[in-house]
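# Inside the fold
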Amino acid sequence: MPASRRSNAVARISLDVLIVVGLIALFSVTFRTRTFYIPSVSMVPTLQVGDVLLVDEVAYRLRPPADGEVAIFTPPLHQHDADFVKRVIGTPGESVGIANGLVYRNGSALQEPYENQPPSYDLAIEKYGIYVNGRRLDRPGANVPERALWQAPDRIPKGFYFVLGDNRNYSDDSHVWGFVPRAAFVGRAFLIFWPLRRLSALEK
């Protein structure tokens, strides 16, 4: 590569780095934010391996997580050291089910343009538990509260949330380990800012 072209390439990379640093500084000053690196394919196609997100750490201190949001949280039962990122599918008091490749909330099938492929499993919240392909998720391997903490046998209990990865069949999520407690949420992911070619806001 000629020296002039090499210099231009280096200049472009340096400019990209400066832009990223500037964005981080801007959001950190304006909001309380952190970055989050995507290490796995569980949220494909919305998030790709190597994406870096900006996460609003204040949002869930002011209000609860909402359906459709991409959330960062400490995994239940602390199975892993790193935080997880998934999409909120069900909130306290709602019913969630999966059948024939469709996800249902409160009896209505969700329209999910972000989904990579239909889930290959069925799921039901019933009888004070979570059942996947007819098999109950049981403690201690899953975070399913005791019956006394449920308000209804077929509704997400108060203080708990149901989350799924967009890459449904390659995601370690609520269909594997149960509900996410309210206190485990770290923040709401709102922006992909690296690589710059993927700069975009995260929509529900």
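Residues numbered from 1 in each chain as written. Predicted model: local features only at pLDDT ≥ 70, side-chain atom pairs only at ≥ 80, totals over all residues. Heavy atoms only, no water.

## Let's talk about the pattern of salt bridges
Think of it this way: side chains of opposite charge can pair up when their charged atoms draw near. Test applied: A carboxyl oxygen of Asp or Glu within 4 Å of a side-chain nitrogen of Lys or Arg is what we treat as a salt bridge. In this description a helix means any DSSP run of H or I spanning at least four residues, a strand means any run of E spanning at least two, and both kinds are numbered starting from the N terminus.
The full count for this structure, using the stated rule, is 9 salt bridges. Put simply, D67 and R105 hold a salt bridge, and the shortest N to O gap is 3.4 Å. Linking D67 in the loop between helix 2 (59–62) and strand 3 (70–73) with R105 in strand 6 (residues 102–105), this pair joins segments that are 38 residues apart in sequence. Here E115 and R168 are joined by a salt bridge, their closest N and O atoms 2.9 Å apart.

## Things to note about the layout of surface pockets
What counts here: With a 1 Å grid spanning the protein atoms alone, the term cavity applies to any set of points in which a 1.4 Å probe fits but cannot get out, the term pocket to an open set with protein on both sides within 12 Å along at least five of seven lines, and the term lining residue to any residue with an atom within 4 Å of a point. Grid points are joined across faces, edges and corners, and a volume is the space filled by probe spheres set on the points. In this classification, Asp, Glu, Lys and Arg are treated as charged, Ala, Val, Leu, Ile, Met, Phe, Trp, Tyr, Cys and Pro as nonpolar, and every other residue, Gly included, as polar.
Its boundaries defined by the atoms lining it, the largest pocket holds a volume of some 200 Å³. Taken together, 13 residues line the largest pocket, and the ones lying closest to its centre are P39, S40, S42, F84 and K86. With 3 residues, the top contributor of residues to the lining of the largest pocket is strand 4 (residues 84–90). A breakdown of the residues in the lining of the largest pocket according to their chemical character gives 7 nonpolar, 3 polar and 3 charged.

## Overview of the nonpolar core
For clarity, the threshold we go by: Here, nonpolar core means buried Ala, Val, Leu, Ile, Met, Phe, Trp, Tyr and Cys residues that are tied together by side-chain atoms lying within 4.5 Å of each other. Accessibility here uses a 1.4 Å probe with only protein chains present; expressed as a share of the type maximum, an area under 20% marks a residue as buried, one over 50% as exposed, and anything in between as partly exposed.
Ranked by internal contacts, the top residues of the largest apolar core, which has 20 residues, are I89, L123, I125, I130, F162 and F179. Counting residues per element, the ones that place at least two in this core are strand 5 (96–99), strand 8 (123–126), strand 9 (129–132) and strand 11 (160–164). Of all the elements, strand 11 adds the most residues to this core, at 3 residues.

## A word on the sheet that holds strand 6
This is how the line gets drawn: Here a strand pair is declared whenever DSSP counts at least two bridges between the two strands.
Pairing within the open sheet is antiparallel, and its 6 strands lie in the order 7-6-5-8-9-10. Either end of the sheet is taken by a strand with one partner, and the two such strands are strand 7 (108–109) and strand 10 (135–136). Bridge count between strand 5 and strand 6: 4 bridges; the pairing is antiparallel. When the bridges of strand 6 are listed, I98 appears paired with V103.

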